[in-house]
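One-letter residues, chain by chain:
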Amino acid sequence: MKTRTIRPNVHWLGAVDWDRRLFDSLIPLPDGTSYNAYLVAGSEKTALLDTVDPPMWEVLERQLREVPRLDYLVAHHAEQDHSGSIPRVLEKYPDAVVICSTKAKSMLVDLLCIPEARVRTVADGETLSLGGKTLEFIYTPWVHWPETMVTYLREDRMLFSCDFFGSHLATTDLYVTDEGRVYEAAKRYYAEIMMPFRTIIRKNLDKVEAKQIDVIAPSHGPMYNRPAFIIDAYRDWTGEKCKNELVLVYISMHGSVRTMVEYFVSALAERRVTVHLFNLAVTDIGKLAIALVDAATLVVGTPTVHVGPHPLIFHATALANALRPKVKYASVIGSYGWSTKAIETIAGLIPSLKVEILPTVLCKGFPRETDFAALDALAGVVAEKHAAL
Ligand code: FEO
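So, here is what we can say about the structure in this document. Small disclaimer: the values here were computed from a predicted structure and weren't measured.

## Quick look at the overall build of the chain
And then number 1: Across its full length, the chain holds twelve helices and 22 strands.
And then number 2: Counted over contacts in the chain with a minimum sequence separation of 6, partners at least 24 positions apart contribute 72%.
And then number 3: For the chain, the accessible area works out to roughly 16000 Å², and carbon and sulfur atoms hold 52% of it.
And then number 4: Separation of charge centres in the chain, based on 42 positive and 46 negative side chains, amounts to 2 Å.

## Let's talk about the sheet that holds strand β11 (residues 134-139)
And then number 1: In spatial order, the strands read β10-β11-β12-β13-β14; together these five strands make up an open sheet with mixed pairing. Two strands bound the open sheet, and with one partner strand each, they are β10 (127-129) and β14 (215-218). Averaged over all adjacent pairs, the angle separating strand axes in this sheet is 20°, with direction ignored.
And then number 2: Looking at chain direction, strand β13 (residues 158-162) and β14 are connected through four bridges and run parallel. The residue bridging Phe160 from the neighbouring strand is Ala217, located in β14.

## Considering the side chain of Ser335
And then number 1: On the secondary structure map, Ser335 appears in strand β20 (residues 329-336).
And then number 2: Take Ser335: its relative accessible area is 8%, and that puts it in the buried class.
And then number 3: Among residues more than four places away in sequence, those in contact with Ser335 are Ser256, Val257, Thr302, Pro303, Thr304, Leu362, Cys363 and Gly365.

## Comments concerning helix α8 (residues 256-270)
Residues separated by three or four positions in an α-helix point in the same direction, a consequence of the helix having 3.6 residues per turn.
And then number 1: Along its 15 residues, α8 runs 22 Å from first to last C-alpha, staying within 8% of the 21 Å computed at 1.5 Å per residue.
And then number 2: Buried residues along α8 sit against β15 (243-250), β16 (274-279), β17 (295-302), β20, β22 (361-364) and α12 (369-387).
And then number 3: Within two residues after α8, Arg272 carries a phi angle of roughly 65°, on the positive side.

## Some words on the pattern of salt bridges
And then number 1: Going through the model one piece at a time under the given rule, you end up with 23 salt bridges.
And then number 2: Residue Asp53 is joined to Arg20 by a salt bridge in which the shortest nitrogen-to-oxygen separation is 3.0 Å. Taken together, the residues Asp53 in the loop between β6 (46-49) and α1 (57-64) and Arg20 in the loop between β2 (10-17) and β3 (22-23) connect sequence positions 33 residues apart.
And then number 3: Residue class for Asp53 comes out buried when judged on its relative accessible area of 11%.
And then number 4: Ionic contacts of the salt-bridge type, sharing partners, join the residues Lys187, Asp236, Lys243 and Asp294 into one network.

Quick notes on the rules
Residues numbered from 1 in each chain as written. Predicted model: local features only at pLDDT ≥ 70, side-chain atom pairs only at ≥ 80, totals over all residues. Heavy atoms only, no water. Helix = DSSP H or I, 4+ residues; strand = E, 2+ residues; numbered from the N terminus. Contact = heavy atoms within 4.5 Å. Areas by Shrake-Rupley, 256 points an atom, 1.4 Å probe, with all protein chains shown as cover. Lys, Arg positive; Asp, Glu negative; His and termini not counted. Charge placed at Lys NZ, Arg CZ, Asp CG, Glu CD. Pairing = 2+ DSSP bridges. Axes fitted to C-alpha atoms, helices over the stretch in contact; angles between N-to-C directions. Buried < 20%, exposed > 50% of the residue type's maximum accessible area, 1.4 Å probe, protein only. Expected span 1.5 Å × (residues − 1). Salt bridge = Lys/Arg side-chain N within 4 Å of Asp/Glu carboxyl O.

Given below as structure tokens:
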């Protein structure tokens, strides 16, 4: 992709990664991603904001052939998908200086072996004039590392937000054209890396909303020329209010748990509770993370394997525990053959979730009428709790 002009002397650079399907060797990327960098040229100085993932360096290098001089390289975030090509840029422009937050400096030095002398830190709220273009640096910690900051370009009322407000989406569109599609991608991104920090993110939202913003330019996915779309979404996702939704993750080996799950889903639907059902044998964990953003209740369905839950339950509960969604209630349903400690084990796997534990339903062998009655009762409790949200 060639350099694209956004405003006079403000340009999009970077790479669209159509083929990437996994991030951090963990997170599925069904729609690829992009690594956006931006070039701001003032009458006196020129700054590059972020770089690209190192495998995409050649794309950025071709774009930079049109840039004879670079004075500053703003590093909003030390993670390598944005910072990884900084050493190559510094090599290309021997006089360029890296600009970053105080916390980012040691991280950039540690991760990329950049000489400390090439790095200059800026304080929260500090400005840098390029000549007719003023960069204002705003600390926004924990979106999603401790060192993250964003840049506000005063004259053009643009916010360069790096991961904050980003979406993993490969597209030729410079701006959001399909809000529904970007909403899903941005929510997936929020759920996977931002959700554990939602309290502090609310404070960051206050800071950026104090600015007059015409365009939000993230470092993944398209830019927002209607900033309220993504800011409102973040307000909703980071808010305390849960929705009348239940996430049910389960695995079944011989059909007992599947039978319980099918009955329970039907009982919840009768009571108008929205269910997001995930069979862990085929689940995209990004979809599971998205569902956890709004859900009021998490229920785990498991057979008993060697007295404890099925091994796939460990993965799913570890993920839920790490993402710290605002879920308020939890329960376990499942089956066992002769003995089980599945409930106690699962409870110990989610210490970070501040949940009220609802009644659990465990059946010996295949479920019978008393088990179905217990599932009906549990569905009733869930509906009652959700009605009071
Ligand atoms: Fe897009 Fe946290 O890196």
